[in-house]
Amino acid sequence: MSVETHPGPAQGRPDWSWHVGVVAALVAWWMIYGQLIPLSEWLVSRLPVERHSHTGEALAFFFYDVPKVMMLLTLIVFAMGVVRSFFSPEKTRALLSGKREGVGNVMSAGLGVLTPFCSCSAVPLFIGFVSAGVPLGVTFSFLIAAPMVNEVALVLLVGLVGWQVAATYLVFGLGIAIVAGFVIGKLNLEGWLQDWVREIHAGASAIDAPEDEKLTLVHRYRLGLDAVREIFGKVWLWILLGIGMGALIHGYVPEELMVRIMGADAWWSVPAAVVLGIPMYTNAAGVIPIVEALLGKGAALGTVLAFMMSVIALSLPEMIILRQVLTLRLIAVFIGVVGGGILLVGVLFNLLF
Amino acid sequence: MKSIKVYGPGCKRCETTAEMVHNRAAALGEEVEVEKVTDPREIAMAGVMSTPGISVDGKLVHAGGLPDEGKLDGWLKG
């Protein structure tokens, strides 16, 4: 077959120049990142608005958060792109096939975070897993964790809200994926798959994966860069919209109103947040600036986390895609179990903190 | 003449992949027949777990992400 080649920008460029370039980019990143506050203040001071007016507050928020989010995203998406090049759906499937429930659910949720995944290939991936003998519940743990606990969500939480909230999100997100998958597995719902999926399942055809390629470090850098390009192509508009929305809330929404609607005292706020989040569809990048602004205005942490998890993990477009392999009943169970888990996390949080 | 199949549910990357196959084949002067497979069932049956996937004369050579241009040339020339 083909000879190993490094086409595109890698051609003719020695490996060491890539390593030097990556280190130089990291240093430059660090230096610029430290200057973002003075930079945003300077920008606002050049505009004909009062710094402490509503408009001034909103603008300062916007000018600081947009570059901050973009920079954090670039760094982490690149790093995750490199890390993910060590994982593939085929390897993950091999690790998970025949695993028992319990251990399998834990592994599956963890691998869901690390394996490259795009919701547009949710269906082939689902079939690939199930047909290779990965239990249904373990497959669900993967499908819940993969979109919910992603690096974009975590990074933005660290950058905009704080690492404590990010760590909480990580732990509870994985927890929901593990437990929900375990519960779905225990319900023995294999019969609720679409008929044609069961046929493949019964046949359990051993599918040949394309040969695993050896990647060089430089090649992995390039995969990281590809990931950055792709994520930015997909999310830049959402980020601007999200931060714009956050800035408006930051500048204009009165604090007491928010506390009354989303504070911990209102018992109905968590269920409302979960239900509101299901039809809403944006990715992590779009929702987190809203989260930051809501928290800043006194909304309860549990309520905000529940809203965020519901928006990211339960989305209408994903349900429509999964409808091709799952019966409506199974989708209802999926929404019920995951939504119930999110609800529990939200309520628990508001009680504990 | 080679028979190339591009597997993908119609996302942007799948379209791009099909275009790349056409362009590289034209550049190399290879005669190919490119078929886009969008049915999730067929995609899964072909063993593709992450799209876009590419098969050449029935053999799966690539799955997940845009193919590398150098490798694509290799598959086309075979």
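Residues numbered from 1 in each chain as written. Chains lettered and ligands numbered in written order. Predicted model: local features only at pLDDT ≥ 70, side-chain atom pairs only at ≥ 80, totals over all residues.

This brings us to the overall build of chain A. From N to C terminus, chain A includes 17 helices and 0 strands. A total of 353 residues make up chain A; the buried ones form 42% of that total. A sequence separation of at least 24 residues applies to 87% of the contacts in chain A between residues at least 6 apart. (Helix = DSSP H or I, 4+ residues; strand = E, 2+ residues; numbered from the N terminus. Buried ≥ 20, exposed ≤ 12 C-beta atoms within 10 Å, placed from the backbone. Contact = placed C-beta atoms within 7 Å.)

Moving on, we come to the overall build of chain B. The helix and strand tally for chain B stands at 3 helices and 4 strands. Whereas a compact globule of 78 residues would reach a radius of gyration of roughly 12 Å, chain B reaches 11 Å, a difference of no more than 12%. Dimensions of chain B, computed from the C-alpha atoms along their principal axes, are close to 30 × 20 × 15 Å. In chain B, buried positions account for 38% of the 78 residues. (Rg over C-alpha atoms; globule rule 2.2 N^0.38 Å.)

Here we take up the packing of helix α13 (residues 269-277) of chain A against helix α17 (residues 328-352) of chain A. All names here are of chain A. Two numbers describe how α13 lies on α17: the axes approach to 9 Å, and their chain directions differ by 145°. Of the two possible hands of crossing, α13 and α17 adopt the one that is right-handed. Between α13 and α17, the residues in contact are V270, P271, A273 and V274 and G339, I342, L343, G346, V347 and N350, respectively. Its residues placed into classes, the contact of α13 with α17 shows 7 nonpolar, 3 polar and no charged. (Axes fitted to C-alpha atoms, helices over the stretch in contact; angles between N-to-C directions. Left-handed = near helix turned anticlockwise from the far one by under 90°. Nonpolar A, V, L, I, M, F, W, Y, C, P; charged D, E, K, R; others polar.)

With that out of the way, let us pick up the environment of P279(A). Mapped onto the elements, P279(A) comes out in the loop between α13 and α14 (284-296). Note: C-alpha distance between P279(A) and P317(A) (38 residues apart in sequence) is 8.8 Å.

With 24 residues of chain A at the interface, the matching set in chain B holds 23 residues. Among the secondary structure elements, those contributing two or more residues to the side of chain A that touches chain B are α4 (89-96), α6 (122-131) and α10 (195-203) of chain A. If one sorts the elements of the side of chain A that touches chain B by residue count, α6(A) sits on top with 5 residues. A class-by-class count of the residues in the side of chain A that touches chain B yields 14 nonpolar, 7 polar and 3 charged.

Moving on, we come to the pairing of strand β4 (residues 59-63) of chain B. Residue and element names in this part refer to chain B. Relative to β4, strand β3 (residues 53-56) runs antiparallel, the two being bridged by 4 bridges. By the bridge assignment for β4, V56 is matched with K59. The turn joining β3 and β4, which pair antiparallel and follow one another in sequence, is formed by 2 residues; a positive phi near 50° is taken by D57. (Pairing = 2+ DSSP bridges.)

Every α-helical turn comprises 3.6 residues, leaving residues that sit three or four positions apart pointing alike. All names here are of chain A. For α6, the tally of buried residues reaches 10 of 10 residues, placing the bulk of the element in the interior. Burial in α6 covers these residues: A122, V123, P124, L125, F126, I127, G128, F129, V130 and S131. Just downstream of α6, G133 is the residue with a positive phi angle, here 90°.

All names here are of chain A. Summary statistics for chain A give a mean pLDDT of 81 and a share of 88% for residues scoring 70 or more. Mean pLDDT in chain A bottoms out at helix α12 (residues 255-262), which sits at 66, and peaks at helix α5 (residues 103-114), which reaches 92. Scored below 50 in pLDDT, residues 1-10 shows 14 contacts in the model against residues more than four places distant or in partner chains. (pLDDT = per-residue confidence, 0-100.)

All names here are of chain A. I144, A145 and V304 are the most contacted members of the largest nonpolar core, which totals 111 residues. If you tally residues by element for this core, the top one is helix α3 (residues 54-84), at 11 residues. Those residues within four positions of V304 in sequence are excluded, and the remaining contacts are V291, L294, L295 and A299. (Core = buried A, V, L, I, M, F, W, Y, C linked by C-beta atoms within 7 Å.)

To continue, consider the sheet that holds β4(B). Residues and elements named next belong to chain B. Judged by pairing direction, the sheet is mixed, and its 4 strands sit side by side in the order β2-β1-β3-β4 without closing on themselves. On the outer flanks of this sheet lie β2 (32-37) and β4, each paired with one strand and no other. The sheet shows a mean angle of 20° between the axes of neighbouring strands, taken without regard to direction. Examined bridge by bridge, strand β1 (residues 2-7) and β3 share 4 bridges and lie antiparallel to one another. Counted as the bridge partner of V6 is I54 from β3.

Another point: the environment of G65(B). Residues and elements named next belong to chain B. In this structure, G65 sits in the loop between β4 and α3 (69-77). Judged by the 18 C-beta atoms lying within 10 Å of it, G65 is partly exposed. C-alpha of G65 to C-alpha of S50: the two residues are 15 residues apart in sequence and 7.7 Å apart in space.

A word on the packing of α3(A) against helix α8 (residues 151-160) of chain A. Residues and elements named next belong to chain A. The interhelical angle for the contact between α3 and α8, taken along N-to-C directions, is 140°, at an axis separation of 9 Å. In this view, α3 runs oblique relative to α8, as classed from their interaxial angle. Remark: the crossing between α3 and α8 carries right-handed chirality. Contact residues: D65, K68, V69, L72, L73, I76, V77 and M80 in α3; E151, V152, V155, L156, G159 and L160 in α8. (Parallel < 35°, antiparallel > 145°, perpendicular 65-115°, else oblique.)

The next point concerns unusual backbone geometry. Here T51(B) and P52(B) are connected by a cis peptide whose omega angle stands at -5°. Positive phi outside glycine occurs at N188(A), with the angle close to 50°. Positionally, N188(A) belongs in the loop between α9 (163-186) and α10. One non-glycine residue, D57(B), lies in positive phi territory at about 50°. Within the secondary structure, D57(B) is located in the loop between β3 and β4.

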